[in-house]
Amino acid sequence: QVRVVESGGGLVQPGGSLGLSCTASLSISSINAMGWYRQGPGKERELVAVISTAGGNTNYADSVKGRFTISRNNAQNTVYLQMNSLKPEDTAIYYCYALTIIYEKIWGQGTQVTVSS
């Protein structure tokens, strides 16, 4: 069974940093892109960042540009999300996904990020 597994997350103070990682249990040649969505309390799920596996092209939500960085390690089928200058409004469950070459999204279970003093 294909799986996407996140790690990282937790509690951090405003202005702090946190890193998330996500590994897919399928060959990188079967994946077009990997990325992160998030869903905050009472909010809809929104795209945070995505990176293509081939060219490494990235796309970010306006709300995280300049603060978050997505990167990949194709050899390990893993993507990373480095989050800096965190704000309380970044509090959410962060979901990783892999977009396969047949355009199927495979989701992780989600990891909680809480930004609070």
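Before any of the text, the structure's been laid out above.
Residues numbered from 1 in each chain as written. Predicted model: local features only at pLDDT ≥ 70, side-chain atom pairs only at ≥ 80, totals over all residues. Heavy atoms only, no water.

Chemist: Any chance you could break down the pairing of strand S5 (residues 46–52) for me, citing the residues and the numbers?
Modeler: Counted residue by residue, S5 has 5 buried out of 7 residues, so it is predominantly covered. Taking the residues that link successive antiparallel strands as the turn, the strand S4 (residues 31–39)-S5 hairpin has 6 residues, and the phi of Gly 42 there is positive, at about 70 degrees. Relative to strand S6 (residues 58–60), S5 is paired through 3 bridges, and the arrangement is antiparallel. Counted as the bridge partner of Val 50 is Asn 59 from S6. Two successive antiparallel strands, S5 and S6, enclose a turn made up of 5 residues, where Gly 56 displays a positive phi of approximately 75 degrees. (Buried < 20%, exposed > 50% of the residue type's maximum accessible area, 1.4 Å probe, protein only. Helix = DSSP H or I, 4+ residues; strand = E, 2+ residues; numbered from the N terminus. Pairing = 2+ DSSP bridges.)

Chemist: Account for the sheet that holds strand S8 (residues 78–83), naming residues and giving values.
Modeler: The 4 strands lie next to each other as S1-S3-S8-S7, forming an open sheet whose pairing is antiparallel. Of all strands in the sheet, those with a lone pairing partner are strand S1 (4–8) and strand S7 (68–73), marking the two edges. The mean angle between the axes of side-by-side strands here comes to 15 degrees, regardless of whether they run parallel or antiparallel. Relative to strand S3 (residues 18–24), S1 runs antiparallel, the two sharing 5 bridges. Within S3, the residue paired with Gly 8 across the bridge is Leu 20. (Axes fitted to C-alpha atoms, helices over the stretch in contact; angles between N-to-C directions.)

Chemist: Before we move on, can you summarise the state of the cysteines with the specific residues and values?
Modeler: Under the defined criterion, the tally for this structure stands at 1 disulfide. Sulfur-sulfur distance for the disulfide between Cys 22 and Cys 96 comes to 1.9 Å. Its S-S torsion of about -85 degrees marks the bond between Cys 22 and Cys 96 as left-handed, since a negative value means left-handed. Placement of the pair is Cys 22 in strand S3 and Cys 96 in strand S9 (residues 92–100), with a sequence separation of 74 residues. The buried category is assigned to Cys 22, whose relative accessible area is 0%. (Disulfide = S-S within 2.5 Å.)

Chemist: Can you lay out the side chain of Thr 91 for me, pointing to particular residues and giving the numbers?
Modeler: Assignment of secondary structure puts Thr 91 in the loop between S8 and S9. Thr 91 gets classed as buried once you look at its relative accessible area, which sits at 17%. Not counting the four nearest positions on each side in its chain, Thr 91 is found in contact with Gly 40, Pro 41, Gln 112, Val 113, Thr 114 and Val 115. (Contact = heavy atoms within 4.5 Å.)

Chemist: Lay out the nonpolar core with the relevant residues and their values.
Modeler: Nonpolar side chains in soluble globular proteins tend to be buried together. Of all hydrophobic cores here, the largest spans 29 residues; its most connected members are Met 34, Trp 36, Val 48, Phe 68, Leu 81, Met 83 and Tyr 94. Elements supplying a minimum of two residues to this core: S3, S4, S5, S7, S8, S9 and strand S11 (111–115). Ignoring sequence-local partners within four residues, the contact set of Tyr 94 consists of Glu 6, Leu 20, Trp 36, Tyr 37, Arg 38, Val 48, Phe 68, Leu 81, Met 83, Gly 110, Thr 111 and Val 113. Membership of the second largest hydrophobic core comes to 5 residues, among which are Ala 33, Tyr 37, Tyr 97 and Leu 99. (Core = buried A, V, L, I, M, F, W, Y, C linked by side-chain atoms within 4.5 Å.)

Chemist: So what about the packing of aromatic side chains? Which residues, and what values?
Modeler: Tallied over the full model, the rule gives 3 aromatic pairs. Pairing Tyr 37 with Trp 107 gives two aromatic rings, centres 5.3 Å apart and planes at 65 degrees, and the pair type is edge-to-face. Separated by 70 residues along the polypeptide, Tyr 37 in strand S4 and Trp 107 in strand S10 (residues 105–107) bring together distant segments of the chain. Both rings, one in Tyr 97 and one in Trp 107, keep their centres 5.4 Å apart while their planes meet at 45 degrees; by these two values the pair is tilted. Taken together, the residues Tyr 97 in strand S9 and Trp 107 in strand S10 connect sequence positions 10 residues apart. Looking at Tyr 97, the relative accessible area reads 5%, which means it is buried. Take Trp 107: its relative accessible area is 34%, and that puts it in the partly exposed class. Of the aromatic side chains, those joined through ring pairs into one cluster are Tyr 37, Tyr 97 and Trp 107. It is Arg 45 that lies over the ring of Tyr 95; its NZ or CZ is 4.0 Å from the centre. (Phe/Tyr/Trp six-rings, centres within 6.5 Å; stacked < 30°, edge-to-face > 60°. Lys NZ or Arg CZ within 6 Å of the ring centre and 35° of its normal.)

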